Amino acid sequence: MAEVVHMIDSEVFLAFSTYATIVVLKMMLMSFMTSYFRMTKKAFSNPEDTNLSAKASEDRKKLVRVDPDVERVRRCHLNDLENIVPFVVIGLLYALTGPDLSTALLHFRVFVGSRFVHTVAYVMAVPQPTRALAFAVGLFTTFSMAYRVLTTSLFL
Amino acid sequence: MAEVVHMIDSEVFLAFSTYATIVVLKMMLMSFMTSYFRMTKKAFSNPEDTNLSAKASEDRKKLVRVDPDVERVRRCHLNDLENIVPFVVIGLLYALTGPDLSTALLHFRVFVGSRFVHTVAYVMAVPQPTRALAFAVGLFTTFSMAYRVLTTSLFL
Amino acid sequence: MAEVVHMIDSEVFLAFSTYATIVVLKMMLMSFMTSYFRMTKKAFSNPEDTNLSAKASEDRKKLVRVDPDVERVRRCHLNDLENIVPFVVIGLLYALTGPDLSTALLHFRVFVGSRFVHTVAYVMAVPQPTRALAFAVGLFTTFSMAYRVLTTSLFL
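**A look at the relation of the copies chain A and chain B**
Between the two copies of the chain lies a relationship made up of a rotation around an axis and a movement along it. You can overlay chain A on chain B at an RMSD of 0.0 Å; the transform is a turn of 120° with a shift of 0.0 Å along its axis. Considering both components of the superposition, the chain copies are consistent with a three-fold axis. Interface residue correspondence from chain A to chain B reaches only 17%, placing this contact among heterologous pairings that use different surfaces.

Quick look at the structure:
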């Protein structure tokens, strides 16, 4: 581990930094997508949000409702959180173990690509198993990095 | 990037450490708030939790229910997760790019302030657009840090 | 803070790396558990997912439904996110403050242990206060680390 300090200056760390930022930005776009669907489908979760779409208070009460398209985007957002958080944590520790640049790039690119495919498949309701496969590819990429972290720097 | 190693000793990194800890602690307080509302409104999501509020098993079944105030706090907590996780990830990478201390402090303070305003606006159901603005300010602060990360250390 | 650079090479950092990876892997297993319960209980949240369990389109519509066991696993997963994310963020900053190895190991082990107990208690609906105690122990371990981060490196 003496070389860990150098790792934080390395191209692997720069690559991690770039791909982690891209995939986190992708996750943040889900907030905009939720807002967009709430506005266009007129389906809000808080009474105070409805004055953006209706004026009469009778109409506004009806807008506090659940819409299937909004829920779909919210599930996709939660799935991002459940998968991108592990990638960021394990990916950071993985980058500090000093992997080959080409191996690290492969992991980062496959993961980030799988999450973009997952989002498109989820939001557009593409027939399965597209979404399930994208989910699984991302998961196993993270497992592969976790395996290297645990085998190179286990300290219990 | 040769100076990145020094960055981790810098005042910018200390400032990130302080503000990240504060905003994560704020997020953790949402767990207490949820528990408090579940207790006082007697609305639980698990049958085994109801023995904290009622003894007769007939009464206890009725306590497994959804309460609008509990759901409001839970939505606020989830919104924290969706926004504070990106801040922490991108903020850490941003701190390592060696920004000016004053610029970095501005980003950290504006973000953390915006999340406190957001929480108060959400829990107390303050009329819009207070909450929407607080949300947007936090989001754009994170985008601004992501922009610096990608422009100073892009490696695809 | 001059010794922070050395901290990233330290046994404390290796220990953090190991325990953080273990507890994040545990969180990822909740995704598999959710899929397993969705398959065996035949309760899906997306119409396109039902073709994995039924062929006739009439039957498939009925499979888009909420099941209490699936919801229980999903609440456990969300609770993991709400608690493991703060542990990872604050634990990383804590490891950089240069704590004693034995003190740091105590924090990491207690936290990770508490989350395994929490998961078992949640999924198997163990009578309270088992789950509440496991939750509280994890929370206070994180608070203890946050206290050290703020007292050793406060920079507002």
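After that view, the rundown keeps rolling.
**Details of unusual backbone geometry**
All names here are of chain A. At the junction of Gln 128 and Pro 129, the peptide bond is cis and its omega measures out at 5° in the coordinates. When you line up the elements, Pro 129 lands in the loop between helix H5 (101–123) and helix H6 (130–153). If you check the backbone angles, Lys 42 has positive phi at about 50° while not being a glycine.

**Notes on the relation of the copies chain A and chain C**
When chain A is fitted onto chain C, the two copies agree to an RMSD of 0.0 Å after a turn of 120° and an axial shift of 0.0 Å. When you check the interface residues of chain A against chain C, a mere 18% turn up at the interface there too, and the two sides of the contact use different surfaces.

**Focus on the packing of helix H2 (residues 11–41) of chain B against helix H4 (residues 68–95) of chain C**
Two quantities define a packed helix pair, namely the angle between the helix axes and the distance between the axes. Between H2 of chain B and H4 of chain C, the least distance of the axes is 10 Å, while the angle of their chain directions is 155°. With respect to H4 of chain C, the axis of H2 of chain B lies roughly antiparallel. The handedness of the crossing between H2 of chain B and H4 of chain C comes out as left-handed. Touching Phe 13, Phe 16, Ser 17, Ala 20, Thr 21, Val 24, Leu 25, Met 27, Met 28 and Ser 31 of chain B of H2 of chain B are Glu 82, Val 85, Pro 86, Val 89, Ile 90 and Leu 93 of chain C, all from H4 of chain C.

**Quick word on the interface of chain A and chain C**
With 33 residues of chain A in contact, the opposing surface of chain C contributes 36 residues. The contact between chain A and chain C buries some 3000 Å² in all, and 73% of this surface belongs to carbon and sulfur atoms. The interface formed by chain A and chain C includes two salt bridges. Elements with a contribution of two residues or more to the side of chain A that touches chain C: helix H1 (4–7), helix H4 (68–95) and H6 of chain A. Residue contributions to the side of chain A that touches chain C peak at eleven residues, all from H4 of chain A.

**A few points about the confidence of the model for chain A**
Regions with low pLDDT carry predicted coordinates that are not meant to be interpreted in detail. All names here are of chain A. Considering every residue of chain A, the mean pLDDT works out to 88; 90% of them sit at 70 or more. Mean pLDDT values for the elements of chain A range from 57 in H1 up to 95 in H5. Both scores are given for the predicted complex: the pTM is 0.92, the ipTM 0.90.

**Observations concerning the side chain of Glu 82 of chain B**
Here Glu 82 of chain B shows up in helix H4 (residues 68–95). With no salt bridge to any partner, buried Glu 82 of chain B finds its closest opposite charge in Arg 74 of chain A, at an N-O distance of 5.9 Å. Excluding residues that lie within four positions of it along the chain, Glu 82 of chain B makes contacts with Ser 31, His 77 and Leu 81 of chain A.

**Here's the deal with the nonpolar core**
The nonpolar side chains of soluble globular proteins are, as a tendency, buried together. Ranked by size, the top nonpolar core spans 106 residues in total, and within it Leu 81 and Phe 108 of chain A, Leu 81 and Phe 108 of chain B together with Leu 81 and Phe 108 of chain C carry the most contacts. Those residues in contact with Phe 108 of chain A that lie beyond four places of it in its chain are Val 12, Ala 15, Phe 16, Tyr 19, Phe 87, Tyr 94 and Met 145 of chain A.

**A look at the pattern of salt bridges**
Residue and element names in this part refer to chain A. Evaluation of the coordinates by the stated rule reveals 18 salt bridges over all chains. In this structure, Asp 80 engages Lys 26 in a salt bridge whose closest nitrogen and oxygen atoms are separated by 2.6 Å. Within this pair, whereas Asp 80 is found in helix H4, its partner Lys 26 is found in helix H2 (residues 11–41), the two being separated by 54 residues in sequence.

**Describing the packing of H4 of chain C against helix H5 (residues 101–123) of chain C**
Residues and elements named next belong to chain C. In the contact formed by H4 and H5, the axes pass within 10 Å of each other and the chain directions differ by 175°. In terms of orientation, H4 and H5 fall into the roughly antiparallel class. Of the residues in H5, those in contact with Arg 72, Arg 75, Cys 76, Asn 79, Asp 80, Asn 83, Ile 84, Phe 87 and Tyr 94 of H4 are Thr 103, Ala 104, His 107, Phe 108, Phe 111, Arg 115, His 118, Thr 119, Tyr 122 and Val 123. Classifying every residue of the contact of H4 with H5 by side-chain character gives nine nonpolar, six polar and four charged.

Calculation notes
Residues numbered from 1 in each chain as written. Chains lettered and ligands numbered in written order. Predicted model: local features only at pLDDT ≥ 70, side-chain atom pairs only at ≥ 80, totals over all residues. Heavy atoms only, no water. Least-squares fit on C-alpha atoms with pLDDT ≥ 70 in both. Contact = heavy atoms within 4.5 Å. Helix = DSSP H or I, 4+ residues; strand = E, 2+ residues; numbered from the N terminus. Axes fitted to C-alpha atoms, helices over the stretch in contact; angles between N-to-C directions. Parallel < 35°, antiparallel > 145°, perpendicular 65-115°, else oblique. Left-handed = near helix turned anticlockwise from the far one by under 90°. Buried area = accessible area lost by both parts, 1.4 Å probe. Salt bridge = Lys/Arg side-chain N within 4 Å of Asp/Glu carboxyl O. pLDDT = per-residue confidence, 0-100. Buried < 20%, exposed > 50% of the residue type's maximum accessible area, 1.4 Å probe, protein only. Lys, Arg positive; Asp, Glu negative; His and termini not counted. Core = buried A, V, L, I, M, F, W, Y, C linked by side-chain atoms within 4.5 Å. Nonpolar A, V, L, I, M, F, W, Y, C, P; charged D, E, K, R; others polar.

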